[in-house]
Every structure is written in C-alpha cells, then in structure tokens.
Amino acid sequence: MTLDEWTVAACAELGLDEGDAATTLVLDLARDVAHNVVRPAAPVTAYLLGLAVGRGADAADAAARLTALSSRS
C-alpha cells in the first residue's frame, strides 16, 4: 500500500475528508523534529499537532511554531 492509498483509507476509516490530510506538512514537521530533537519526538509531535488542529489551531501556523521550537532544542 502506498502512502496516498493509506491516507485515503485512514481518512475513510475515521470519517475525515481526505482533502484535510496535510501529508506533506506533517511529514516535514516529523522530519525536522526527528533531526533536531530525538526520533521518538516525531510521532508524538504529529499527534500533538493533530490535537491542536482539532481544537481549532491553524495547521500551518502550529506546524511552523513546532518546527521553530524544534530548532531551538
């Protein structure tokens, strides 16, 4: 299964619009955090981003803030 196929399937399973899946944004954030902090921080940060977005935060803004935070580590 490809990443795109997985994303479509996961969105369908969770009742999400696949257009809301910011795959590149999340992967870029995870990469930066994994390189600048520690690898296990990448999935935790992606989860925290999802929580923040679910509570109304702008995804791009929150990801940029987290990326900046990771570069200060």
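Refer to the structure above for everything that follows.
Let me begin by describing the structure that accompanies this report. Worth saying up front: this structure is predicted, and the values here are computed from it rather than measured. (Residues numbered from 1 in each chain as written. Predicted model: local features only at pLDDT ≥ 70, side-chain atom pairs only at ≥ 80, totals over all residues. Heavy atoms only, no water.)

### Let's talk about a nonpolar patch on the surface
The criterion, for reference: Without a salt bridge and with relative accessible area above 30%, a residue can belong to a patch; like charges are then joined within 9 Å and nonpolar side chains (Val, Leu, Ile, Met, Phe, Trp, Tyr) within 5 Å. For every accessible area listed, the method is Shrake-Rupley and the probe measures 1.4 Å; residues are considered covered only by the protein chains on display. In the sections that follow, a salt bridge refers to a side-chain nitrogen of Lys or Arg positioned within 4 Å of a carboxyl oxygen of Asp or Glu. Counting from the N terminus, the helices are the DSSP runs of H or I reaching at least four residues and the strands are the DSSP runs of E reaching at least two. Accessible area is worked out with a 1.4 Å probe on protein chains only. A residue is then buried under 20% of its type maximum, exposed over 50%, and partly exposed in between.
Residues Met-1, Leu-3, Trp-6 and Leu-27 make up a contiguous nonpolar surface patch of roughly 500 Å² in combined accessible area. Mapped onto the secondary structure, Met-1 falls in the segment before helix H1 (3–14). Relative accessible area serves as the criterion here: at 75%, Met-1 is assigned to the exposed category.

### Concerning the side chain of Thr-45
Spelled out, the test is: Contacts: residue pairs with any heavy atoms within 4.5 Å of one another.
By the secondary structure assignment, Thr-45 is in helix H3 (residues 41–54). Ignoring anything within four residues of it in the chain, the contact list for Thr-45 reads Leu-29, Val-33 and Leu-66.

### Concerning the pattern of salt bridges
Overall, the coordinates contain 3 salt bridges when judged by the stated rule. The salt bridge partner of Arg-31 is Asp-28, with a shortest N-O separation of 3.3 Å. Here Asp-28 and Arg-31 lie together in helix H2 (residues 23–36), a separation of 3 residues that amounts to about one turn. Here Arg-31 falls in the partly exposed class, since its relative accessible area comes to 42%. Exposure remark for Asp-28: the relative accessible area of 31% places this residue in the partly exposed category. Put simply, Arg-31 and Asp-32 hold a salt bridge, and the shortest N to O gap is 3.1 Å. Judged by its relative accessible area of 19%, Asp-32 falls in the buried class. Each of Asp-28, Arg-31 and Asp-32 takes part in one network of salt bridges that share partners.

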